[in-house]
Every structure is written in structure tokens, then in C-alpha cells.
Amino acid sequence: MAESRIEVGGIIKVRDLCLIGVMAAPDRPGVGAGVFTALGEAKLNTQFIIQCIDLSGMSNVLFCVLEEDAVRARELVQPVAVSLAAQAVQETHHVALLSVFGPDFRERSGIAGTVFRAMAQHHINILAISTSISTVTCVIDDSELERALV
């Protein structure tokens, strides 16, 4: 299969992160507010945020912080997770963000598929995905970042 290339505005990479997930909380208003208010009041920045509802109707909130802030973030989020009746707080250490951006992504179909296919062809597992009108961001193992840029 021929490798397809896309024109992009650029690539942003961020290393030395930890992906933290507040997993399987009953879905209701305030789940995200609880998690990110606690982090914000402690002046901890998040580099990446996603939230989704699983097949059981439970809310999963995942975010990245600097690896050096992971212990502090977990300590802040753990009591929030308990108050939300979340089933677990999980951590994946040593991850990186790889973001592909371009000004005309919203007018061009197939960009996300092309990015994900390139990762798959290089046997790189994507741990989480977030998109915006102009960006496709993947969380991957930090050790895979240089290979993902090929």
C-alpha cells in the first residue's frame, strides 16, 4: 500500500508527561469540574484533556500533566475521585503528545485517518486521542515519539 502524505502546518511534540485517568465515575454534571478545579487551585497545568462515556454509562476523564507533577496530581485527584464514586484512578507514566496541526483541517476529510494509519504502520499504539478544528493530538509512549516523527 502506498504511503499517503498530508500537508500540515506543523507538528508539536511534548515529552515527559503522565496520563492520568479518573475512571468509571457515574456520569453526572460536575465530574470534569471536580477534577480540574482541584488541579487548577493547586496551579497544576494539564497538557491534554478528554472525557468520554463508556458503554456502561460511566464517565472517564483522562488528562496529561508533567511527569514531575504526577504524584501531586494523583494526590489531588484521588479524593475527588472518591467523592465522585469513580472506580479507579489510573496512571500511565512516560508518555508524549504528538499533535499535527493545519489551518484548513476542517475543510479536508481524512486527516485523522491518515495520522492514525501512519502510527499503525509504525506499530505505535495510541493511548488517547483528542482533536480540535485544526489539530489531531495523540498520546503515545514517550519511547515511540522519535519513530512516530519519521
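Just above, that's the structure.
Predicted model only: the values in this text are computed from it and were never measured.

A. Molecular detail of the nonpolar core. I20, V35, L39, F63 and V77 are the most contacted members of the largest nonpolar core, which has 20 residues in total. Considering each element in turn, this core owes the most residues, 5 residues, to helix α2 (residues 70-83). In this structure, F105, M119, C138 and A148 belong to the second largest nonpolar core, which totals 13 residues.

B. How the structure looks around the environment of S130. Mapped onto the fold, S130 is located in strand β5 (residues 128-131). Remark: the alpha-carbon pair of S130 and Q51, spanning 79 residues in sequence, is separated by 9.6 Å. Not counting residues up to four positions away in its chain, the partners in contact with S130 are F48, I49, I50, T135, V136 and T137.

C. Examining the packing of helix α1 (residues 31-41) against α2 more closely. One way to put it is that α1 packs onto α2 with a least axis distance of 9 Å and a crossing angle of 145°. For the crossing formed where α1 meets α2, the hand is right-handed. From α1, G34, V35, A38 and L39 reach across to α2, where they touch A73, L76, V77 and V80.

D. View of the pairing of strand β4 (residues 88-101). One ladder, built from 11 bridges, connects strand β1 (residues 10-26) with β4; its direction is antiparallel. Bridging across to β4, I20 finds its partner in E91.

E. Molecular detail of the side chain of S59. In this structure S59 comes out as buried when scored by relative accessible area, which is 0%. Ignoring any residue separated from it by four or fewer positions in sequence, one finds S59 in contact with V22, M23, A24, A25, D27, V31, Q51, C52 and I53.

F. Fine view of the sheet that holds β5. Read across the open sheet, the 6 strands follow the order β2-β3-β1-β4-β6-β5; overall the sheet is antiparallel. The open sheet terminates on both sides in strands that have one partner only, identified here as β2 (48-53) and β5. On average, each strand axis in the sheet is tilted by 30° relative to the strand beside it, whichever way the strands run. For β2 and strand β3 (residues 58-66), the ladder comprises 6 bridges, and the chain directions are antiparallel. Bridging across to β3, F48 finds its partner in C64. Sitting on the sheet, α1 touches β1, β2 and β3, and the angle it makes with β3 is about 20°.

G. Structural context of the pattern of salt bridges. Inspection of the entire model under this criterion finds 5 salt bridges. A salt bridge links R147 to E144; the nearest nitrogen and oxygen atoms lie 2.1 Å apart. Residue classification places R147 among the partly exposed residues on the basis of a relative accessible area of 34%. Overlapping salt bridges bring together K13, R15, D142 and E146 as one network.

H. Fine view of the environment of I126. Mapping I126 onto the fold places it in the loop between α3 (111-121) and β5. For the pair I126 and C64, spaced 62 residues apart in sequence, the C-alpha to C-alpha distance is 14 Å. Beyond its immediate chain neighbours, meaning those up to four positions away, I126 contacts F116, M119, C138, V139 and I140.

Rules used throughout
- Residues numbered from 1 in each chain as written.
- Predicted model: local features only at pLDDT ≥ 70, side-chain atom pairs only at ≥ 80, totals over all residues.
- Heavy atoms only, no water.
- Core = buried A, V, L, I, M, F, W, Y, C linked by side-chain atoms within 4.5 Å.
- Buried < 20%, exposed > 50% of the residue type's maximum accessible area, 1.4 Å probe, protein only.
- Helix = DSSP H or I, 4+ residues; strand = E, 2+ residues; numbered from the N terminus.
- Contact = heavy atoms within 4.5 Å.
- Axes fitted to C-alpha atoms, helices over the stretch in contact; angles between N-to-C directions.
- Left-handed = near helix turned anticlockwise from the far one by under 90°.
- Pairing = 2+ DSSP bridges.
- Salt bridge = Lys/Arg side-chain N within 4 Å of Asp/Glu carboxyl O.

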